[in-house]
Amino acid sequence: MKKGYLVLADGTVFEGERIGAESNPIGELVFTTGMEGYLETLTDPSFYGQIVVQTFPLIGNYGVISADFEGKTAVRGYIVSELCDTPSNFRSEYGLDKFLKDNGIAGLKGLDTRAITRIIRENGVMNAAIFDEIPSGSLDLIKNYSVVNAVKSVSTDEKYTVKPSGKVKYKVALIDYGAKGNIIKSLTGRGAEVQVFPSTAKAEEIFGYKPDGVMLSNGPGDPQENAEAIAEIKKIIGKLPVFGICLGHQLVALAMGGTTYKLKYGHRGANQPVKSLTGKRTYITSQNHGYAVDANSLDGVAREIFINANDKSNEGLCYDGKKCFTVQFHPEAAAGPLDTGFLFDKFTDLMKGKEYAEN
């Protein structure tokens, strides 16, 4: 097996064995704590521009199952402690190394992923690269890397429609900033016809579809980079029921005059606890984001409805009187396994003319 090296922007080097594609990517190094769901991670467009470290030590044990893919893969690189070469699952189609090669993803195995994660937790997210040899010169190429044009790189180019299996009860316009497939399934499963629009869609196009509601999807990158999308969202808020997830949550906040900031190392994994501020429950959620909304910047504009139980960062907002609520986590991801799926029901309630109210 060929040797390879993970080189961090601070000069730290980890030696491992090459897996996946024979390329030398530079990316933003992040970790995700899920004990399962590596396929959803590898096909989540929100990981655009990033080299992903899996903290769980054994990856690939149930193989590759194409039915579980969330979208087109967008990760730059993949780091694991141990890669299973002999997956065992009745749904498995082939091994993970083949998936990485087929999708042009370079990776490394045999690294101390715990040590890498501790560096990120202590120092914050930093850039890194995968090389065949330890570089002897300047690391400026790594240090200067930045994730740009993220949303436009993963959004659909053309609008398309997905219909439910039964009767159409609602029409939902979904603006795709890097949407996960299960968001669409969660809507069609509730009787919604979903028309998916590119991230560049204008408010007039959305209104022209005559939807009952608008879904703003997840997506990658810095939310403040999306000035054009924010301007269009501003035209929609208050005119139609709106539900925003992850990046959609952040974009609504910016459209309503709020601010966002970059977290030290982000929230990525299927075990993030979220506390309800309108009830007594704490939910187990799936998350994948490096930025957060400053809820204080929206005092008098939005009501905080969820916070992260670990660091108290904002996880959800309700814009009373605007027919709009948003969450930072992924209710479609079945982390609890179905703890927060009720939020899609709240969206259908909005489309029926009701106000947001937790169970």
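See the structure above.
Presented here is an overview of the structure given in this document. The numbers attached to residues start from 1 for each chain and follow its sequence in the written order. Owing to the predicted nature of the model, reporting of local features is limited to residues with pLDDT of at least 70; listing and counting of side-chain atom pairs is limited to 80 or more, with chain, interface and lining totals taken over all residues. For the side-chain quantities, the full set of heavy atoms in the structure was used; hydrogens and water were omitted.

Counting 30 residues, the largest nonpolar core has Tyr177 and Val214 as the members making the most contacts within it. Elements with a minimum of two residues in this core: strand 11 (170-175), helix 7 (203-209), strand 13 (213-216), helix 8 (227-236), helix 9 (247-255) and strand 18 (314-319). By the criteria applied, helices consist of DSSP H or I runs no shorter than four residues and strands consist of E runs no shorter than two, each listed in order from the N terminus. With six residues, helix 9 is the single largest residue contributor to this core. Residue contacts for tyrosine 177: discarding those within four places in its chain leaves Val151, Val154, Ser199, Leu216, Ser217, Asn218, Gly219, Pro220, Ala229, Ile233, Leu247 and Leu251. Core analysis: the next-biggest nonpolar cluster, separate from the first, contains 29 residues, Val194, Phe342, Leu343 and Phe344 among them. Take the buried Ala, Val, Leu, Ile, Met, Phe, Trp, Tyr and Cys residues and link them wherever side-chain atoms come within 4.5 Å; each set so joined is a nonpolar core. Accessibility here uses a 1.4 Å probe with only protein chains present; expressed as a share of the type maximum, an area under 20% marks a residue as buried, one over 50% as exposed, and anything in between as partly exposed. In this analysis, two residues are considered to be in contact whenever any of their non-hydrogen atoms come within 4.5 Å of each other.

Spatial ordering of the closed barrel is given by 1-2-8-6-4-3-9, a layout of seven strands whose pairing is mixed. Within the sheet, the average angular offset between the axes of one strand and its neighbour, ignoring direction, is 35 degrees. Note on pairing: two strands pair once DSSP finds at least 2 bridges between them. Bridge count for strand 4 (residues 50-54) against strand 6 (residues 77-79) is three bridges, and the pairing is parallel. Looking across to strand 6, one finds that valine 52 is bridged to tyrosine 78. Think of each axis as a best-fit line through the C-alpha atoms, taken over the contacting stretch in the case of a helix, with angles from 0 to 180 degrees between the N-to-C directions. Strands in contact with helix 3 (residues 113-123) are strand 1 (3-8), strand 2 (13-20), strand 3 (26-32), strand 4, strand 6 and strand 9 (126-131); relative to strand 3, the strand with the most contacts, it is inclined by about 100 degrees.

Take the pairing of strand 12 (residues 192-197) next. Within strand 12, six of the six residues are buried, which leaves it mostly tucked inside the rest of the structure. On strand 12, burial covers both faces: Ala192, Val194 and Val196 on one face and Glu193, Gln195 and Phe197 on the other are all buried. As paired elements, strand 10 (residues 160-162) and strand 12 share three bridges and run antiparallel to each other. Bridge pairing links threonine 161 to glutamine 195 in strand 12. Judged from the six bridges that link them, strand 11 and strand 12 form a sheet pairing that is parallel. The residue bridging lysine 171 from the neighbouring strand is glutamate 193, located in strand 12. As a crossover connection, the stretch from strand 11 through helix 6 (residues 181-188) into strand 12 is right-handed. When the strands point away from the viewer and the path from the first strand over the helix to the second turns clockwise, the crossover is right-handed.

Taken together, the side chains of Lys167, Lys169, Lys352 and Lys354 present a region of like positive charge at the surface. Along the chain, lysine 169 turns up in the loop between strand 10 and strand 11. A residue counts toward a patch only above 30% relative accessible area and without a salt bridge, and it is joined to like-charged neighbours within 9 Å or, for Val, Leu, Ile, Met, Phe, Trp and Tyr, to nonpolar neighbours within 5 Å. Every accessible area reported is derived by Shrake-Rupley at a probe size of 1.4 Å, with residue values counting cover from the shown protein chains alone. We define a salt bridge as a side-chain nitrogen of Lys or Arg found within 4 Å of a carboxyl oxygen belonging to Asp or Glu. Note that His is not counted, nor are the chain ends; the positive residues are Lys and Arg, and the negative ones are Asp and Glu. For the purpose of locating charges, the reference atoms are NZ of Lys, CZ of Arg, CG of Asp and CD of Glu.

With that settled, consider the packing of aromatic side chains. For Phe, Tyr and Trp, rings pair up if their centres lie within 6.5 Å, where Trp contributes its six-membered ring, and each pair is then called stacked (planes under 30 degrees apart), edge-to-face (over 60) or tilted (otherwise). On inspection of all chains with the given rule, the structure shows ten aromatic pairs. Ring centres of tyrosine 283 and phenylalanine 342 lie 5.6 Å apart, and the angle between their planes is 45 degrees; this geometry places the pair in the tilted category. One end of the pair, tyrosine 283, is in strand 16 (residues 282-294); the other, phenylalanine 342, is in helix 10 (residues 342-351), with 59 residues separating them in the sequence. Among the aromatic side chains, those forming a connected cluster through ring pairs are Phe243, Phe325, Phe344 and Phe347.

Another point: the sheet that holds strand 16. Strand order in this open sheet of ten strands is 10-12-11-13-14-19-18-17-15-16, and the pairing throughout is mixed. Two strands close off the open sheet at either side, each with one partner strand: strand 10 and strand 16. The average undirected angle you get between the axes of adjacent strands in this sheet is 20 degrees. In this sheet, strand 13 lies alongside strand 11 in parallel orientation, the contact comprising four bridges. Bridged to isoleucine 175 within strand 13 is leucine 216.

All right, on to the pairing of strand 15 (residues 259-276) then. It is a general feature of regular strands that their side chains alternate between the two faces of the sheet. Where strand 15 and strand 16 come together, eleven bridges link them in antiparallel fashion. Residue pairing for strand 16: tyrosine 261 is matched across the bridge by alanine 292. Here strand 15 hands over to strand 16 after five residues, the two strands then running antiparallel side by side. One ladder, built from three bridges, connects strand 15 with strand 17 (residues 303-308); its direction is antiparallel. Bridging across to strand 17, serine 276 finds its partner in phenylalanine 306.

What follows covers the side chain of serine 46. Tracing the backbone shows serine 46 in the loop between helix 1 (38-42) and strand 4. Here a polar contact is recorded for every N or O atom pair within 3.5 Å, except that within protein the pair must consist of a potential hydrogen donor and a potential acceptor, and residues adjacent in sequence are included only if both atoms are side-chain atoms. Polar contacts involving the side chain of serine 46 include one to the side chain of asparagine 218, which spans 3.0 Å. In this structure serine 46 touches Asn218, Gly219, Pro220 and Asn288, once residues within four positions along its chain are discounted.

Within helix 9, nine of the nine residues are buried, leaving the element largely enclosed by the surrounding structure. What helix 9 keeps buried is the set Leu247, Gly248, His249, Gln250, Leu251, Val252, Ala253, Leu254 and Ala255. A positive backbone phi angle near 95 degrees is found at glycine 257, which sits one or two residues after helix 9.

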